[in-house]
Amino acid sequence: MTLLTPLRKLSLLACLALSPLVGAKTLEVKTETGTIQVKTVAEGLQNLWGMAFLPDGRMLVTERAGRMRIVSADGTVGAPLAGLPDIYAHGQGGLLDVVLAPDFATSKRIYFSYSEPGTGGNSTAVSYATLAGDKLEKVTRVFSQQPKIDSSAHFGSRLVWAPDGTLFITLGDRYSQKDKAQTLDNHQGKVVRINADGTVPADNPYVKTAGALPEIWSYGHRNMQGAAINPITKKLWTGEHGPQGGDELNIDEAGKNYGWPVITYGENYGGGKIGEGTHKEGMEQPVYKWVPSIATAGFIFYTGDKFPQWKNNILLTSLREQTLVRLTLDGDKITGEERLLKKELGQRFRSVVQGPDGLIYVVSDESKAKIYQLSPQ
Ligand SMILES: [Ca+2]
């Protein structure tokens, strides 16, 4: 158990002061509700990627190597569930996100994303399956990113249900073909929106555009590993893992172009300009950005009651900085940033979930990965 004492938090803020915030008007904010208690809920796991709570309080988790497990509330790690499809588990590829269907209570259906091998290489795919004890049944693929290419990088892929019951899937540019993020004849560097059965919603923005793939919702993205619906505006927000410098948060709207790789605040690894600059007409600006990059991954809008000061704040995981970032908002504007858990636990955090108990759960992407619970003391 780790306690973040007020004194410790002062030192965290001191660390924060060393890494300049890009948004000049963004203020450092500080949690004032006493100390935060951090408890290890489960260990003995590997490179955790996604997590979803079952209604009975057990946790469904994915390990990137291609395993899905159920972890009981007391931290007992179950055997890998049988029945997963073929998975390309190399580099950044593997078993990725998992969410419950909105009607899980009756359907027992879950949705998960993964790197799918096939003709031409691999790409991100999404399937649903029925959770039946220790196995998955009736596995049905509902989306497959086109085209498949030979790459082990930039798969996305966060899954988020929209309030209207459609499913958003974030898809990476696959790294070696980043220019394809700007054209609509492929799914690289796109957010797509599908119905729960895999069909295309009739009101998607490009369904009537010749040559465009109809699943596309927005484009010009790099590698989005985070997505969530803002509980107040009901709009989709996505978090984009940028190049060296240039991680972004975007309000992701139908038919819009988010710029990559034409505009970016980042540069190539090792230096070197990408694209044309930071602004261009017809291309959206991020709501928030991190330069230097913190390697953003999953995030949520916190809606629970256990941390009143955090209500409707964004909690976002960082891989490189090994922190949980808290962002305060005023409408659609980010007004403050706090970095929690900074280096405290020495873990790269991949996903954050709000539990049915209103507490915060964070999973780490490490060879010895853990599930942590944050509670107010
Ligand atoms: Ca952008």
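All values reported here derive from a predicted model rather than from experimental measurement.

1. A word on the packing of aromatic side chains
Argument step 1. Applying the stated criterion across every chain yields a total of 13 aromatic pairs.
Argument step 2. Taken together, a centroid distance of 5.0 Å and an interplanar angle of 65 degrees make the contact between Phe168 and Trp217 edge-to-face. With a gap of 49 residues between them, Phe168 in strand 12 (residues 167–170) and Trp217 in strand 14 (residues 216–219) connect regions that are remote in the sequence. Assigned by exposure class, Phe168 and Trp217 land together as buried.
Argument step 3. Taken together, the aromatic side chains of Tyr111, Tyr128 and Trp161 make up a single cluster linked through ring pairs.
Argument step 4. The ring of Tyr128 carries Arg109 above its face, with NZ or CZ at 3.7 Å from the centroid.

2. So, the side chain of Thr166
Argument step 1. Tracing the backbone through its elements, the reader meets Thr166 in the loop between strand 11 (159–161) and strand 12.
Argument step 2. In terms of polar contacts, Thr166 uses its side chain to reach the side chain of Arg193, at 3.1 Å.

3. Things to note about the sheet that holds strand 20 (residues 314–318)
Argument step 1. Ordered by their spatial adjacency, five strands build an open sheet running 2-22-21-20-19, and the pairing between neighbours is mixed. If you trace the sheet from one side to the other, it starts and ends with strand 2 (27–28) and strand 19 (296–301), each paired once.
Argument step 2. By the bridge criterion, two bridges tie strand 2 to strand 22 (residues 333–340) in an arrangement that is parallel. Each bridged residue has a counterpart across the sheet, and for Glu28 the counterpart in strand 22 is Glu337.

4. Describing the pairing of strand 5 (residues 59–63)
Argument step 1. Extensive coverage of strand 5 is indicated by the burial of five of its five residues.
Argument step 2. Burial of the side chains of strand 5 extends over both faces: Met59, Val61 and Glu63 are buried on one face and Leu60 and Thr62 on the other.
Argument step 3. Looking at chain direction, strand 4 (residues 48–53) and strand 5 are connected through four bridges and run antiparallel. Across the sheet, the residue bridging to Met51 is Val61, located in strand 5.
Argument step 4. Counted between consecutive antiparallel strands, the loop separating strand 4 from strand 5 contains five residues, among which Gly57 sits at a positive phi close to 95 degrees.
Argument step 5. Inspection of the sheet shows strand 5 paired to strand 6 (residues 67–71) by five bridges, in the antiparallel sense. What sits directly across from Glu63, in strand 6, is Arg67.

5. Quick look at the UniProt feature "domain: Glucose/Sorbosone dehydrogenase" (unreviewed entry) in the protein chain
Argument step 1. Residues annotated in UniProt with the feature "domain: Glucose/Sorbosone dehydrogenase" (unreviewed entry) correspond here to residues 45–372.
Argument step 2. The distance separating the terminal C-alpha atoms of residues 45–372 is 12 Å; by composition the span is 1% helix and 40% strand.

6. Concerning unusual backbone geometry
With the exception of glycine, most residues fall at negative phi, and the peptide bonds are largely trans.
Argument step 1. Cis geometry marks the peptide bond from Gly156 to Ser157, where omega comes out at 0 degrees.
Argument step 2. If you trace the backbone, Ser157 turns up in the loop between strand 10 (135–144) and strand 11.
Argument step 3. Residue Val291 is joined to Pro292 through a cis peptide bond whose omega torsion reads 5 degrees.
Argument step 4. Relative to the elements of secondary structure, Pro292 occurs in the loop between strand 18 (288–290) and strand 19.

7. Section: the coordination of the calcium ion
Argument step 1. Bound to the calcium ion are the protein donor atoms Glu248 (OE), Glu248 (OE) and Tyr258 (O), situated 2.3 to 2.6 Å from the metal. Pair noted here: Glu248 is in strand 17 (residues 247–251) and Tyr258 is in the loop between strand 17 and strand 18, with a separation of 10 residues, a long-range link. In this pair, the class of Glu248 matches that of Tyr258, namely buried.

8. Description of the pattern of salt bridges
Argument step 1. Counted by the stated rule, this structure contains 20 salt bridges.
Argument step 2. We note a salt bridge from Arg158 to Asp97, for which the minimum N-O separation is 3.3 Å. With a gap of 61 residues between them, Arg158 in the loop between strand 10 and strand 11 and Asp97 in strand 7 (residues 95–100) connect regions that are remote in the sequence.
Argument step 3. Owing to a relative accessible area of 6%, Arg158 belongs among the buried residues under this scheme.
Argument step 4. Here Asp97 falls in the buried class, since its relative accessible area comes to 3%.

The rules behind these values
- Residues numbered from 1 in each chain as written.
- Predicted model: local features only at pLDDT ≥ 70, side-chain atom pairs only at ≥ 80, totals over all residues.
- Heavy atoms only, no water.
- Phe/Tyr/Trp six-rings, centres within 6.5 Å; stacked < 30°, edge-to-face > 60°.
- Helix = DSSP H or I, 4+ residues; strand = E, 2+ residues; numbered from the N terminus.
- Buried < 20%, exposed > 50% of the residue type's maximum accessible area, 1.4 Å probe, protein only.
- Lys NZ or Arg CZ within 6 Å of the ring centre and 35° of its normal.
- Polar contact = N/O pair within 3.5 Å; in protein donor to acceptor, adjacent residues only side chain to side chain.
- Pairing = 2+ DSSP bridges.
- UniProt positions renumbered as here; feature names shortened; annotations may be inferred.
- Donors = N, O, S within 2.8 Å, 3.2 Å for Na, K, Ca; no water.
- Salt bridge = Lys/Arg side-chain N within 4 Å of Asp/Glu carboxyl O.

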